[in-house]
Amino acid sequence: MSLFGTLTSASRSLDAQRFGLDVVGQNIANVNTAGYTRRTLDLAAIPPTTNLSAGGGVEVQGVRAIRDALLERRLWQETPAQTMQSAIANSLSVVEVALGDAGSSIDQKLTAFFDSFAGLSEDPTSATSRQEVLLQGQSLASSFSDMVSRLNIAQRDVDTRIRGDVDQVNSLVAQIAGLNESIGGATGSGANLQTLKDQQNEAVKALSGLLNVHVIQREDGGLDVTFGQGRPLVIGASNFAVTATPTGPLGLVTLTDANGVDIGAEVTSGSLGGYLKTRDTTIPGYVSRLDDIAYAVVTQVNTVHQAGFDLNGTAGLPFFTPLGAAAGAATAISVNAAVAGDPNRVVAAGVAAAGDNQAARQMADLRDARVMFGNTATMHDAWGRLVYQAGSDTRYARLEERSRGEVVLQIEALRDSVSGVSLDEEAANMIKFQRAYEANARFFTTIDSAIETLLNMVR
Amino acid sequence: MRISFQSGFRHALADIERTSEELARRQREVSSGLRLQAPSDDPTAAVGAVSENAALGAIDRYQRAADSVGSRLTVVDTVLGDIVEKLTQAQAVATGGLGDTPSQAQREAAARELAGIRDALFGDFNTNFRGVFVFAGTSSTTQTYTKNPDGTVAAYQGNTSTISVDIDRTSSVQITFDGSSVAQGGEARDVFAVIEALRADILAGDTPAIETGIADLKKAFDRAVRAQTQVGTDQKALEDQRLRLTDEKLGATERLSKLTEANMAEAISAMSRAETGYKAALGATATITRVSLMDYLK
């Protein structure tokens, strides 16, 4: 190779080492960029063209983003389980608060109600005791309906989060479809393509936190995304929005796909899955248990009340307005207006004698009566089981969130060990390229000096 | 394994969050004195707390009932004691009218004294405690005995049923009484009729009739003593029950305390450990982020 050829080669090498420094700079600059995968410079020696040539120096073959597709997929698979438990734990924390502390919630109202009948049994003809019974009955009924209201508010709060998640899903699938289009149109393995793929992976990761997605790699580099039973969210450059439509008396949203099919049951994980489970299964389950307790209160109290006699010596009316079924009992429970309007209609006597207190005693004894769960539990026990269930559900979700979070953290650590930027490594690379640049510059100077020597020979 | 910048921070942040959450939880425990902040802290303890609170509610109720019943029984005991005393006096007065010895003036004085005793007994049997005639059976708002226009006492106005109040899940105490069972029992005449007859018999000097009257007073005395004995027995049982309820309340309160309240020594120690862990996590993060190859480049 001629000296000028060598000079050209040295110049190319200088460019290559400088480019290496550029890549290091890019990596350092994006050390905090979410989804950024570290870049490495691919260099290749330019082979000699003749037997009398050492070679043409070095050339830049390209910049490569270091990815591990397997770890990316593991992350997409594990993230929904963690975010689902996180969503459940967060929303149930509110429900726990709504249930109130032990001894100051429905259980306390039940105690006060039965206490009022015990008080009446001590003085069956007392107008004050009768008024107290009515007040405690109304207070108990209100506490049931207030509790249902609080649970409904919790349900609506969760519903608001569902709407927010749906907006995010639609935004992300639109973004992924747009990225698919850009990636499909991009050529070669340029830096822009890698940036688009970083954004694509980050968007899919965010989407997997919202719902259980299935990702299929396209030949053009794009990603098709489906969920549930293969329902499409992104196919190539097309995205399919999820629609949230308010329905029912509470205005809770129903999720439908692009074809109007209800897809709520197919969203089984991710934060959206967690919120849907809490809204549609967990909280209604608590309300149902509350209904059972309220229904037992109404039927048991009415049975005793109707078997007794009021202060006028007439057969007792139902104390609570009779209910046809347990469903909705906690909302509908109320003191019978005919009794509420006339304290003398409160039953205390077991026989038609004004001073008798047999019925009031029986009513007070209902506190310990096993009338729930196939006559194995008292009403207090039933309330305790509801509290236990809510506490247990929240605790389980928290523990699962933590353990799933550890799994996600470990996978992220593994992914970062492949794709993440290490400042130490970049510092080492910086020295490496700097020193190489210096050596090449020295070589360039040497060749330049040789050319000068040659030119001086002919002067 | 390569340790990336982000990975190091992610782990450090997770550790800081975990330790700070633990510290915050322990701080709440110490400041509130409560181990159980929410059911999810310990669901089993939460359901136990519901159960113990229900038990405490029932104990409180029974204690209030025992107090109320105790007050009432004290009144009844006092009244029965007075009845016994009056019947003793009546027997003594009637005995003084026996035979031919008493003068007419003494007989008239004895008759007047018996009238006084009758009125006292009338008041005793009509004892009203907080609006309830305690000797009228379940007709507790009906005056037990009333007087006829001529001053004599009419027949028993109450009924023979009685009211009991629960002082425990399995025991109850009678709080109203069938006055006729004391005043008359199974006899043909009640104590008021006996005294009326005695007054006439003493004035008439009818010794056999007076003796019959004294015998009837003795029977009434026995009935009153029996009733008082029963009340005394109930009072004793009530006192025992109060002690039992106090013990039960103490037990339930202790169990509730164990379930819900923090052991302060343990809690403070745990808070101290949590604080150390938190500081260690912060320190470790600060240390690892201080060291970098970048620092050695010139």
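For the structure itself, look to the data block above.
In this text, all values refer to a predicted model and were calculated from it rather than measured experimentally.

## Some words on helix α3 (residues 106–122) of chain A
- Taking 1.5 Å of rise per residue, the 17 residues of α3 of chain A would be expected to cover 24 Å, and the 25 Å separating its terminal C-alpha atoms lies within 8% of that figure.
- The buried count for α3 of chain A comes to 15 of 17 residues, which makes it a mostly enclosed element.

## So, the interface of chain A and chain B
- In this complex, chain A contributes 59 residues to the contact, which on the side of chain B involves 49 residues.
- When chain A packs against chain B, the two sides together hide about 4,200 Å² of surface, and 55% of this comes from carbon and sulfur.
- In this structure, glutamate 412 of chain A engages arginine 10 of chain B in a salt bridge whose closest nitrogen and oxygen atoms are separated by 3.4 Å.
- The interface formed by chain A and chain B contains 20 residue pairs in polar contact (both at pLDDT 80 or more).
- No other element matches the 22 residues that helix α10 (residues 379–419) of chain A contributes to the side of chain A that touches chain B.
- Here the side of chain A that touches chain B is composed, by residue class, of 20 nonpolar, 18 polar and 21 charged.

## Section: the pattern of salt bridges
- Within this structure, the stated rule accounts for 49 salt bridges over all chains.
- One salt bridge in this structure joins glutamate 266 of chain A and arginine 231 of chain A, with 2.8 Å as the shortest N-O distance. Highlighted residues: glutamate 266 of chain A in the loop between β8 (252–256) and α6 (270–307) and arginine 231 of chain A in strand β5 (residues 231–235), separated in sequence by 35 residues. Take glutamate 266 of chain A and arginine 231 of chain A: they sit in the same class, and that class is buried.
- Between glutamate 187 of chain B and lysine 219 of chain B there is a salt bridge; the shortest N-O distance is 3.5 Å. On the criterion of sequence distance, the pair formed by glutamate 187 of chain B in the loop between α4 (179–183) and α5 (191–204) and lysine 219 of chain B in helix α6 (residues 207–260) is long-range, its members being 32 residues apart.
- Owing to a relative accessible area of 29%, glutamate 187 of chain B belongs among the partly exposed residues under this scheme.

## A short note on the sheet that holds strand β6 (residues 238–239) of chain A
All names here are of chain A.
- Strand order in the open sheet made by the four strands is β3-β4-β5-β6, with antiparallel pairing throughout. Looking at strand neighbours, the two that pair on one side only are β3 (213–217) and β6, the edges of this open sheet.
- Sheet analysis places strand β4 (residues 223–227) next to β5, joined by three bridges and oriented antiparallel. The partner of phenylalanine 227 across the bridge, within β5, is arginine 231.
- Across the sheet, helix α4 (residues 127–185) touches β4, β5 and β6, and the angle it forms with β5 is around 45°.

## What about the packing of aromatic side chains?
- The tally for this structure, following the rule as stated, stands at 14 aromatic pairs over all chains.
- Between tyrosine 145 of chain B and tyrosine 156 of chain B, the ring centres sit 5.5 Å apart and the planes meet at 50°, which makes this aromatic pair tilted. Placement of the pair is tyrosine 145 of chain B in the loop between β2 (132–133) and β3 (164–166) and tyrosine 156 of chain B in the loop between β2 and β3, with a sequence separation of 11 residues. In this structure, tyrosine 145 of chain B and tyrosine 156 of chain B share a single accessibility class: buried.
- Linked through ring pairs, Phe122, Phe125, Phe135, Tyr145, Tyr156, Phe177 and Phe192 of chain B together constitute an aromatic cluster.
- A cation sits over an aromatic face here: lysine 432 of chain A above phenylalanine 433 of chain A, 5.2 Å from the ring centre.
- Sitting over the face of the ring of phenylalanine 122 of chain B, lysine 147 of chain B holds its NZ or CZ atom 5.1 Å from the ring centroid.

The rules behind each value
- Residues numbered from 1 in each chain as written.
- Chains lettered and ligands numbered in written order.
- Predicted model: local features only at pLDDT ≥ 70, side-chain atom pairs only at ≥ 80, totals over all residues.
- Heavy atoms only, no water.
- Helix = DSSP H or I, 4+ residues; strand = E, 2+ residues; numbered from the N terminus.
- Expected span 1.5 Å × (residues − 1).
- Buried < 20%, exposed > 50% of the residue type's maximum accessible area, 1.4 Å probe, protein only.
- Contact = heavy atoms within 4.5 Å.
- Buried area = accessible area lost by both parts, 1.4 Å probe.
- Salt bridge = Lys/Arg side-chain N within 4 Å of Asp/Glu carboxyl O.
- Polar contact = N/O pair within 3.5 Å; in protein donor to acceptor, adjacent residues only side chain to side chain.
- Nonpolar A, V, L, I, M, F, W, Y, C, P; charged D, E, K, R; others polar.
- Pairing = 2+ DSSP bridges.
- Axes fitted to C-alpha atoms, helices over the stretch in contact; angles between N-to-C directions.
- Phe/Tyr/Trp six-rings, centres within 6.5 Å; stacked < 30°, edge-to-face > 60°.
- Lys NZ or Arg CZ within 6 Å of the ring centre and 35° of its normal.

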